[in-house]
Structures are given as structure tokens and as C-alpha cells.
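Residues per chain are reported as follows:
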Amino acid sequence: MTADLHIHTNASDGLFSPQEILTKACAVGLTHIAITDHDTVDGLLSLQNNTPVPGQTAVIPGIEFATDLPQYEVHILGYFIDTAHSELNRQIKIIAANRQERAELMVHKLKKLGYPVNYQRVREIAGKATAIGRPHVAAALLEKGYFRNISEVFTTLLEKNKPAYIPHYKLSPQDTIALIKSADGIPVLAHPGLVNNDELVLEIIESGIQGIEVYHPRHSAEQISRYQALAEEHGLLLTGGSDFHGIAGRFPSQLGEYTIPDELVSRLLQSRHEQP
Ligand code: AMP
Ligand code: FE
Ligand code: FE
Ligand code: ZN
């Protein structure tokens, strides 16, 4: 088994469609993938009519929510969520509508800052995405030639507390965890190394998180062993994935370049059946 439990599609800010992701995952021999789009399950719904083929990559349903902490970008993954859950879908609709408004506001702000982009163009770039976001705005800015690469756009304008940053509607970590659980999902703290604040991780553990994304391309070896120890100490699941978006200049460039140990997937699959 080789697996990747953190993948974005064009239902949020990834480049490839869910079907393209599945085809690529099969081609590189991944046994399990989780599709974890930002704030939407539409990518999963588009694969719903696929009959699982023996030997083909199995798809674990997932989602990734950002939470409303003002200082930090804390993201929470939900595995095995019931995509038809009514409260989950109600929240998703609120977030999607708010993301649209926010994208328009960002375009306004960028104009004032001397970086005019066309909102219609941002919409076109977002294409089928339910969750329109900063990477779509960044792509429009890149097209205009204002910056050399996507990370330059983020560090200059779009990162939290940078001039063109606007937050979107989010739930607290506690409410996000509760929502995922109510939709029969397993909440997992995404890439804690990006925040790198162990006190915050402990608070989120207290709030009832069930796993930690120990393996992430942006975690150092030291962070991996620290989060592994923390997860084991608190009896939590360990997960990991590539956070693949398919965006040029962002590691990994190919699906299958970053995979996680087999036994983590077995434990995640097993824990699904142990849910109360
Ligand atoms: P949003 O959900 O609209 O707030 O946008 C967040 C997304 O922007 C993340 O999920 C990443 O895909 C992307 N992102 C955040 N920071 C950076 C960065 N420094 N460079 C490139 N992409 C980033
Ligand atoms: Fe993203
Ligand atoms: Fe994330
Ligand atoms: Zn992600």
C-alpha cells in the first residue's frame, strides 16, 4: 500500500478534476487517496457514480476546513464525512457564498493597492470551483505579470495580515470538530507544523481532535518526530499527505511523489468502524 491522504481538486483550489486525480493515482499505483478539498464535497460527489474497481485506487472522502483563529491558519481535515449530511451542507453553502463576496472584495482592494485584476477573469480561473479562494486571485495577478511566482504573490499581498488579505467566514476549531463528528467524520489537525505552536496543538487536542497530520511536505524531520510523539502520547491517529494542488512551482509537482506509511491508512480505516 502507498497512500496520500491530502489532495485538492478543481472543486476548490486544485488544478485537476477529481477524475483526473483518480486516473493519476491509479497510474502511479496509489492504493488509497483522500480527496480533501477546501470547504466543499463537490469533488467527491462527482466521483460518486464510479463503481470501485478491484485493484484501483480507493477514494476516502474528506474535506479541509480553515478555522477562525485570528492569529493562525489552523486547518482541520474531516475524513469519511457523510457528504449528504444536512448541517455540513448548510455550512458549506454559507462558506461558498461568503467566499464569492470575499473574492470580489479582494479584487476591489487589489485595485486600490495598484494591482487591478478583472473579477470576471478570477471567476473564469476558478472555473468549476465551489470554493473560490486566494490561489485563483493569485493566478489572475500572475497572469497580469505583477509577480514572478505564486509564493511572491502570497508573501506580498495575500498571506494573513498582508495588504490584500481578507478572511472568509469560518467556524471555530471547536465547532469545526463538532461539525465533522456530527457528519460521521474523523477530525484530524492538518499540517500543525505550518503554525508550529505546540500549545495550540494541545488546545485542539483538548477540543476533541482525533488525529494529527504528522506527515506533510512542509514538515521538517524534527516536526514529524515531535507530532508523532504527541499523537502517540494522546492516543490519536497519525495521518499524512502531499497537500497536492497541481499548481506549478508548488511541491509536489506530481501525485505519488509524496506518500505515507501503509499502516497509518490501515489504522484510519479501522478506526472508522470503531466510531461510537
Ligand atoms: P483561501 O482558502 O482562499 O484562504 O486560500 C488558502 C489557500 O491558498 C491554501 O489552501 C493554499 O492552497 C494557498 N496558499 C496559502 N498560502 C500560500 C503560499 N504562501 N503560497 C502558495 N499558496 C498558498
Ligand atoms: Fe489550498
Ligand atoms: Fe491546509
Ligand atoms: Zn490542503
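Note that the structure is predicted; figures quoted are calculated from it, not measured. Note that residues are indexed from 1 along each chain, following the sequence as it is written. Just so you know, chain letters begin at A and ligand numbers begin at 1, following the order they were written in. Local features are withheld for residues below a pLDDT of 70 in this predicted model, meaning they are given only at 70 or higher, and side-chain atom pairs are given and counted only at 80 or more; totals for whole chains, interfaces and linings count all residues. Note: side-chain values were computed over all heavy atoms of the structure, leaving out hydrogens and water.

## Re the site of ligand 1
Nearness is judged by heavy atoms alone; a residue qualifies as near a molecule or strand once a single heavy atom is within 4 Å of it. In the region of ligand 1, the neighbouring residues are Asp-13, His-38, Arg-99, Arg-102, Gly-133, Arg-134, Pro-135, Phe-154, Glu-159, His-245 and Arg-250. Nitrogen and oxygen atoms within 3.5 Å of one another constitute a polar contact, given that in protein one can donate a hydrogen and the other can accept it, and given that sequence-neighbouring residues count only through two side-chain atoms. Between ligand 1 and the protein, one listed contact pairs an oxygen atom with a side-chain N or O atom of Asp-13 at 2.9 Å. Measuring from an oxygen atom of ligand 1, one finds a side-chain N or O atom of His-38 at 2.7 Å. Only the protein chains shown count as cover for residues, and the accessible areas themselves come from Shrake-Rupley with a 1.4 Å probe. Within the complex, 84% of the 500 Å² of free accessible area of ligand 1 lies under protein. Runs of E in the DSSP output that reach at least two residues are strands. Runs of H or I that reach at least four are helices, and both are numbered from the N terminus. At the level of elements, helix H3 (86–112) and helix H5 (134–143) are the ones that each hand at least two residues to the shell around ligand 1. The nonpolar class holds Ala, Val, Leu, Ile, Met, Phe, Trp, Tyr, Cys and Pro. Asp, Glu, Lys and Arg form the charged class, and all remaining residues, Gly among them, are polar. In terms of residue class, the shell around ligand 1 is made up of 2 nonpolar, 3 polar and 6 charged. Domain delimitation follows an automatic or database domain assignment. Looking at which domains feed residues into the shell around ligand 1, each of domain 1 (3–85 + 173–274) and domain 2 (91–158) gives three or more.

## Focus: the coordination of the zinc ion (ligand 4)
Within the protein, His-6 (NE2), His-8 (NE2), Glu-64 (OE) and Asp-243 (OD) serve as the donor atoms for the zinc ion (ligand 4), at 2.0 to 2.3 Å. Only nitrogen, oxygen and sulfur atoms qualify as donors, and only when within 2.8 Å of the metal (3.2 Å in the case of Na, K and Ca); with water excluded, sites may look incomplete. By the criteria applied here, four donors are tetrahedral when all angles lie between 85 and 135 degrees, four are square planar and six octahedral when opposite donors are over 155 degrees apart and every other angle lies between 65 and 115, and any other arrangement is irregular. One can describe the site at the zinc ion (ligand 4) as irregular: its 4 donor atoms subtend angles covering 80 to 170° at the metal. Between the zinc ion (ligand 4) and the iron ion (ligand 2) the interatomic distance comes to 4.7 Å. Here Asp-243 lies in the loop between strand E7 (237–240) and helix H10 (262–273) and His-6 lies in strand E1 (residues 3–7), a separation of 237 residues in the sequence. Taken as a pair, His-6 and Asp-243 share a single burial class, namely buried. Only protein chains enter the area calculation, which uses a 1.4 Å probe; residues under 20% of their type maximum are buried, those over 50% are exposed, and those in between are partly exposed.

## With respect to the domain arrangement of the protein
Assigned domains within the protein: domain 1 (3–85 + 173–274) and domain 2 (91–158). Measuring from the centre of the C-alpha atoms in domain 1 to the corresponding centre in domain 2 gives 24 Å. For this analysis, residues touch if any pair of their heavy atoms sits within 4.5 Å. If you look at the interface, domain 1 gives 15 residues, while domain 2 gives 13 residues. Summed over both partners, the interface of domain 1 with domain 2 buries about 1000 Å², with 60% contributed by carbon and sulfur atoms. Throughout, the accessible surface (probe 1.4 Å) given up by two parts as they are put together, summed over both, is called the buried area.

## Side note on the coordination of the iron ion (ligand 3)
Octahedral six-donor coordination of a metal ideally yields angles of 90 or 180 degrees, compared with 109.5 degrees for tetrahedral four-donor coordination. Distances from the iron ion (ligand 3) to its protein donors, Glu-64 (OE), His-75 (ND1) and His-191 (NE2), fall within 2.0 to 2.3 Å. Written as a sequence motif, the donor arrangement for the iron ion (ligand 3) is E-x10-H-x115-H. For the pair the iron ion (ligand 3) and the iron ion (ligand 2), the metal-to-metal distance amounts to 5.8 Å. One end of the pair, Glu-64, is in strand E3 (residues 58–66); the other, His-191, is in the loop between strand E5 (186–189) and helix H8 (198–206), with 127 residues separating them in the sequence. Both residues of the pair, Glu-64 and His-191, belong to the buried class.

## Digging into unusual backbone geometry
Here the residue pair Phe-251 and Pro-252 is connected by a cis peptide bond, since its omega of -10° sits within 30 degrees of zero. Note that Pro-252 resides in the loop between E7 and H10. Residue Asp-39 is not a glycine yet carries a positive backbone phi of 55°. The backbone phi angle of His-191 is positive, close to 20°, even though this residue is not glycine. A relative accessible area of 4% places His-191 in the buried class.

## Comments concerning the packing of H5 against helix H6 (residues 150–158)
One can describe the packing of H5 onto H6 by two numbers: an axis separation of 10 Å at closest approach and a directional angle of 110°. Here H5 is positioned roughly perpendicular relative to H6, judged by the angle of their axes. Counting all contacts with H5, which are made through Arg-134, Pro-135, Ala-138, Leu-141 and Leu-142, the residues of H6 involved are Ile-150, Val-153, Phe-154, Leu-157 and Leu-158. A per-class count over the contact of H5 with H6 returns 9 nonpolar, no polar and 1 charged. Throughout, an axis means a line fitted to C-alpha atoms (over the contacting stretch in the case of helices), and angles, computed between N-to-C directions, take values from 0 to 180 degrees. Oblique is the label for every angle not falling under 35 degrees (roughly parallel), over 145 degrees (roughly antiparallel), or within 65 to 115 degrees (roughly perpendicular).

## A closer look at the packing of aromatic side chains
Each pair of aromatic rings taken from Phe, Tyr and Trp, with Trp reduced to its six-membered ring, is defined by centres within 6.5 Å and is described as stacked if the planes are under 30 degrees apart, edge-to-face if over 60, and tilted in the remaining cases. The final tally for this structure, using the stated rule, is 3 aromatic pairs. Taken together, the ring pairs in this structure connect Tyr-115, Tyr-146 and Phe-147 into an aromatic cluster. Each ring is checked for a lysine NZ or an arginine CZ that lies within 6 Å of its centre and within 35 degrees of its normal; such an atom marks a charge sitting over the ring. One residue, Lys-24, lies across the ring of Phe-16, its end atom 4.2 Å from the ring centre. For Arg-226, the ring lying beneath its charged end belongs to Tyr-227, and the centroid distance is 5.1 Å.

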